[in-house]
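# Close look at the chain arrangement
Here is how the chains run, residue by residue.
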Amino acid sequence: MATKESLVSKLARGVKTAFKPSNGTTNAKADRATPLLDARKSGVEATPKMLQQAAKDNMFLHFTRHSPYFTAKGEIPIITKASGHHFWDQNGKKYFDGISSLFSVNIGHGRTRLADAAAKQMKELDYFPLWSHAHKPGIELSERLLSYAPKNLSRVFFTTGGGEANETAWKLAKQYFKMIGKPTKHKVLTRAVAYHGTSHGALSLTGIPSMKKMFEPLVPSTFRVPNTNWYRAQDDFATEEEFALWAANRVEEMILFEDPDTVAAFIFEPVQNSGGCFTAPKVYFDRVREICDKYDVLIVADETIDGFGRTGTMFASERYDFEPDMMVLAKGMTSAYAPIGALLIAEKLFEPFKTGTNIFPHGYTYGGHPVACAVALENLDIFDEEDLVGNVARNEAEFKATLDKLRDLPIVGDVRGAGYFWAIELVKDKNTRETFNDKESEKLLRGILSHRLFEEGLYCRSDDRGDPVVQLAPPLTIGRDEFVEMEQILRSCLDEAYKSM
Ligand SMILES: Cc1ncc(COP(=O)(O)O)c(C=O)c1O
């Protein structure tokens, strides 16, 4: 056994000590089988069975309950190809991509134009960081994003995803207030049940206690205000507008309670995903703007999901005729063909950086990667050429009407959302709106529904971060036939699930 002294001197010499698992087996690389590498080297295609085993042996999947994959029948679904609004698994089974994979593939799968754009960019300029330099696709994409954005936004800071853009927004807000002589403004308000990412800062902004518990203490100074879940507020308010005003006024209450001199920003999604597509009437946005202006609190619209046509306008802020001070973008920017995110900001936040030696000491190696920017530009060309945002706006009423038919099922309490972004809330008793308890929800969503929907070939989100919901966010290319197809699959699965409870 190594003494403390010898271990220290080994580390100082840079000699790595082998990790020894408790059962005494060594984890040294030499002991590992590498069937996929062997196959690759001998020019042989790996079989589905080999891939399945290697996935189980080597991978740690995101947000995944792994235990079912270690049972005799448990198989990790391996997705092999995709085209349009469908994808296929390793067994050749075809699925309808009812959630654009992760609220992301807005133009649909298999667009070779994006692959060509990526290849062209890689051949011309594979990579260069946006650290004191710029590149053509980044410059062009900045102008393009701003051309769709509310007029007060005038600068683009690139990241690789939505969580990083939220981190950036918070850090920029803190530095901005320090630079303009309000150094105590640093706190951020966000909404209950909202998801803003997983890094320590973004997770701290997230309003889902169960997701945070294992990682606390998180970054201090974030505070929750109510979201706009009208379905759960109907008994207490005569109209949705009245409720929305009440919810907006809670923002003022929290700012006053925490002291306006300490509050930097309010971050929220115009249509909140987590909890199930919570929309709000225009009066909410107007009142929030009024309150935040009064106390010099910056508004950040997290449009990670809402952006790029999801709600029937290019950005949801446009739908609600609302001007945030910063806007978080990601997913639909490249339709997920390449990773990218961005923070759009109002010029006043950039002003302090125009003079002297001031810099924003913040950035990401891959933020605004030229290949991702080139892919984003091609993606946006397709948006324009096919008028995808117009397609969503024209079809919203029909999509809603088709899903509304599900309201005749005893398990369907609410159908809500906007554009191509809908949630169906599942209840035990639709008259009283009684929801399922944790155990029942576990059985309903993970025990029955997700499996049944997957078996029926509809990939959508069954979620109980708030009350149980099934969510749809299909590619923006689809229309009437696909609405009907989704409704029919949902109808049979929801009906069956209700009867099995
Ligand atoms: C509203 C919202 N914000 C932030 C994020 C985090 O984005 P990313 O996973 O790209 O970091 C997500 C991801 O789904 C999101 O929905």
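In what follows, the structure referred to is the one given above.
Keep in mind the model is a prediction, meaning the values are calculated, not measured. (Residues numbered from 1 in each chain as written. Predicted model: local features only at pLDDT ≥ 70, side-chain atom pairs only at ≥ 80, totals over all residues. Heavy atoms only, no water.)

### Structural notes on the overall build of the protein
Along the protein, the regular secondary structure elements total 17 helices and 15 strands. Taken over C-alpha atoms, the radius of gyration comes to 24 Å for the protein, in line with the 23 Å a tight globule of 501 residues would show. If you line up the protein on its principal axes, its C-alpha atoms span 65 × 65 × 50 Å. A burial count over the protein gives 51% of its 501 residues as buried. (Helix = DSSP H or I, 4+ residues; strand = E, 2+ residues; numbered from the N terminus. Rg over C-alpha atoms; globule rule 2.2 N^0.38 Å. Buried < 20%, exposed > 50% of the residue type's maximum accessible area, 1.4 Å probe, protein only.)

### Details of the layout of surface pockets
Size it by volume and the second largest pocket reaches roughly 900 Å³. Taken together, 27 residues line the second largest pocket, and the ones lying closest to its centre are Leu130, Ser132, Val156, Phe157 and Phe350. Sorting the residues of the lining of the second largest pocket by element identifies helix H6 (136-148) and strand S4 (153-159) as the ones contributing at least two each. Looking at the lining of the second largest pocket, its residues break down into 16 nonpolar, 10 polar and one charged. (1 Å grid on protein atoms, 1.4 Å probe; cavity = no way out; pocket = protein on both sides within 12 Å on 5 of 7 lines; lining within 4 Å. Points joined across faces, edges and corners; volume = space filled by probe spheres on them. Nonpolar A, V, L, I, M, F, W, Y, C, P; charged D, E, K, R; others polar.)

### A few points about the nonpolar core
Across soluble globular proteins, nonpolar side chains show a tendency to be buried alongside one another. Counting 65 residues, the largest nonpolar core has Leu141, Leu145, Leu344, Leu426, Leu449, Leu490 and Leu494 as its most contacted members. Looking at this core, the element that brings in the most residues is helix H14 (residues 370-385), giving nine residues. In this structure Leu494 touches Leu409, Ile411, Val412, Ile424, Leu426, Leu449 and Val470, once residues within four positions along its chain are discounted. Grouped together as the second largest cluster of nonpolar side chains are 32 residues, Met254, Phe268, Cys277 and Ile299 included. (Core = buried A, V, L, I, M, F, W, Y, C linked by side-chain atoms within 4.5 Å. Contact = heavy atoms within 4.5 Å.)

### What to know about helix H17 (residues 480-500)
With 21 residues, H17 extends 30 Å from end C-alpha to end C-alpha; this agrees with the ideal 30 Å at 1.5 Å per step. Restricting attention to buried positions, one finds in H17 the residues Glu482, Phe483, Met486, Glu487, Ile489, Leu490, Cys493, Leu494 and Ala497. (Expected span 1.5 Å × (residues − 1).)

### Some words on the site of the ligand
In the neighbourhood of the ligand, the contacting residues comprise Gly161, Gly162, Gly163, Asn166, Tyr195, His196, Gly197, Glu269, Asp302, Thr304, Ile305 and Lys331. Contact between the ligand and Gly162: an oxygen atom at 2.8 Å from a main-chain N or O atom of the residue. The separation between a nitrogen atom of the ligand and a polar side-chain atom of Asp302 is 2.7 Å. Here the ligand, which alone exposes 390 Å², has 78% of that area covered by the protein. In terms of residue count, helix H7 (residues 162-179) provides more of the shell around the ligand than any other element does, three residues in total. Class assignment for the residues of the shell around the ligand results in two nonpolar, seven polar and three charged. (Near = heavy atom within 4 Å. Polar contact = N/O pair within 3.5 Å; in protein donor to acceptor, adjacent residues only side chain to side chain. Areas by Shrake-Rupley, 256 points an atom, 1.4 Å probe, with all protein chains shown as cover.)

### Some remarks on the environment of Ala374
Along the chain, Ala374 falls in helix H14. Each residue touching Ala374, except ones within four places of it in the same chain, is listed here: Ala117, Gln121 and Pro137.

### Looking at the pairing of strand S10 (residues 341-346)
On a regular strand, one side chain projects to one face of the sheet and the next to the other, so that they alternate. Judged by how many residues are buried, S10 sits mostly within the fold: six of six residues are covered. Residues Gly341, Leu343 and Ile345 line one face of S10 and the alternating positions Ala342, Leu344 and Ala346 line the opposite face, and both faces are buried. Both S4 and S10 contribute to a ladder of six bridges, which runs antiparallel. Residue pairing for S10: Leu153 is matched across the bridge by Ala346. Both strand S9 (residues 326-329) and S10 contribute to a ladder of four bridges, which runs antiparallel. Residue pairing in the sheet places Met326 in a bridge with Ile345 of S10. (Pairing = 2+ DSSP bridges.)

### Here we look at the packing of helix H10 (residues 240-258) against helix H11 (residues 282-294)
Direction vectors running N to C along H10 and H11 enclose 20°, while the axes themselves pass 8 Å from each other. Relative to H11, the element H10 lies roughly parallel. Crossing of H10 over H11 shows right-handed handedness. Across the interface between the two elements, Glu241, Ala244, Leu245, Ala247, Ala248, Asn249, Val251, Glu252 and Ile255 of H10 pack against Val283, Tyr284, Arg287, Val288, Ile291, Cys292 and Lys294 of H11. The residue makeup of the contact of H10 with H11, split by class, is 11 nonpolar, one polar and four charged. (Axes fitted to C-alpha atoms, helices over the stretch in contact; angles between N-to-C directions. Parallel < 35°, antiparallel > 145°, perpendicular 65-115°, else oblique. Left-handed = near helix turned anticlockwise from the far one by under 90°.)

### Focus: the side chain of Arg144
By secondary structure assignment, the location of Arg144 is in helix H6. Among the residues examined, Arg144 registers a relative accessible area of 15% and is labelled buried. If we skip the residues at most four places from it in the chain, Arg144 touches Leu377, Leu380, Asp381 and Asp384.

### Some remarks on the sheet that holds strand S12 (residues 421-426)
The sheet built from four strands is open, its strands ordered S11-S12-S15-S14 with antiparallel pairing. The open sheet has two edge strands with one neighbour each: strand S11 (412-418) and strand S14 (461-463). On average, adjacent strands in this sheet sit at an angle of 20° to one another, irrespective of strand direction. Pairing analysis gives four bridges linking S12 to strand S15 (residues 469-472), with the strands arranged antiparallel. Paired with Glu425 across the strands is Val469, a residue of S15. Taken strand by strand, helix H16 (residues 438-455) contacts S12, S14 and S15, and its axis lies near 175° from that of S14. The strands touched by H17 are S11, S12 and S15; relative to S15, the strand with the most contacts, the crossing angle is about 165°.

### Notes on the packing of aromatic side chains
Enumeration over the complete set of coordinates arrives at 27 aromatic pairs. The interplanar angle of 75° and the centroid separation of 6.5 Å between the aromatic rings of Phe308 and Phe383 together place this pair among those described as edge-to-face. Here Phe308 is found in the loop between strand S8 (298-302) and helix H12 (316-319), whereas its partner Phe383 is found in helix H14, with 75 residues between them in sequence. Grouping residues by exposure puts Phe308 and Phe383 together as buried. Relative to Tyr459, the ring of Phe454 has its centre 6.1 Å away and its plane inclined at 70°; by these criteria the two rings are edge-to-face. By way of ring pairs, the aromatic residues Phe266, Phe268, Tyr284, Phe285, Tyr320 and Phe322 are connected into one cluster. (Phe/Tyr/Trp six-rings, centres within 6.5 Å; stacked < 30°, edge-to-face > 60°.)

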